[in-house]
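# Results of the structural survey
The residues making up each chain are set out below.
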Amino acid sequence: VTVDPAVIDGSLITFPVRVTATEVAVLDPDAIAVEISGLPLADAQAILDGYGDATIEVWPDWVSTIPTMAGRLTVSVDGPTP
């Protein structure tokens, strides 16, 4: 909240105020994992791009789809996404 200097116009005094806010998405890594599980890497990347900056790392490098076994898939969220 920013209050600008008062504006005086005769017997009327106004105080202009500006308010700004940022909306932050709360991401659920488990829900995202379910959403991309089993997809080809390009399709999974397209979905993840909708959430912000995302990187997919696979091992070994010849893997072409996101694993479907929960123990082989990790989704990490680094921080809030405006």
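Numbering of residues starts from 1 in each chain and follows the order in which that chain's sequence is written. For this predicted model, a pLDDT threshold of at least 70 governs which residues receive local features, and a threshold of 80 or more governs which side-chain atom pairs are given and counted, while totals over whole chains, interfaces and linings are taken from all residues. In computing side-chain values, all of the structure's heavy atoms are included and hydrogens and water are not.

## With respect to the overall build of the protein chain
- Strands here mean DSSP runs of E at least two residues long; helices mean DSSP runs of H or I at least four residues long; both are numbered from the N terminus. Helix and strand content of the protein chain: two helices and four strands.
- In the protein chain, the succession of helices and strands from N to C terminus is β-β-β-β-α-α.
- For 82 residues, the compact-globule estimate of 2.2 N^0.38 gives 12 Å, and the C-alpha radius of gyration of the protein chain, at 23 Å, exceeds that figure by more than 25%.
- Its C-alpha atoms give the protein chain principal-axis dimensions of about 75 × 20 × 15 Å.
- Three exposure classes are used, based on accessible area relative to the maximum for each residue type with a 1.4 Å probe and protein chains only: buried under 20%, partly exposed in between, and exposed over 50%. Within the span of the protein chain, comprising 82 residues, buried residues form 10% of the whole.
- Here the contacts in the protein chain between residues at least 6 apart in sequence split such that 44% fall between residues at least 24 apart. The size measure is the radius of gyration over C-alpha atoms, and the globule rule it meets is 2.2 Å times the number of residues to the 0.38 power. Throughout, a residue-residue contact means that at least one pair of heavy atoms, one from each residue, lies within 4.5 Å.

## Considering the layout of surface pockets
- Every definition here rests on a 1 Å grid over the protein atoms only: cavities are sets of points where a 1.4 Å probe fits but cannot get out, pockets are open sets enclosed by protein on both sides within 12 Å along at least five of seven lines, and lining residues have some atom within 4 Å of a point. Grid points are joined across faces, edges and corners, and a volume is the space filled by probe spheres set on the points. Here the largest pocket defines a volume of roughly 780 Å³.
- Residue lining of the largest pocket: 26 residues in total, with Leu 48, Thr 55, Ile 56, Thr 74 and Val 75 positioned closest to the centre.
- For this classification, Asp, Glu, Lys and Arg are treated as charged, while Ala, Val, Leu, Ile, Met, Phe, Trp, Tyr, Cys and Pro are nonpolar and the rest, including Gly, are polar. Broken down by class, the residue content of the lining of the largest pocket amounts to 15 nonpolar, seven polar and four charged.

Function-wise, these values are silent; they only describe arrangement.
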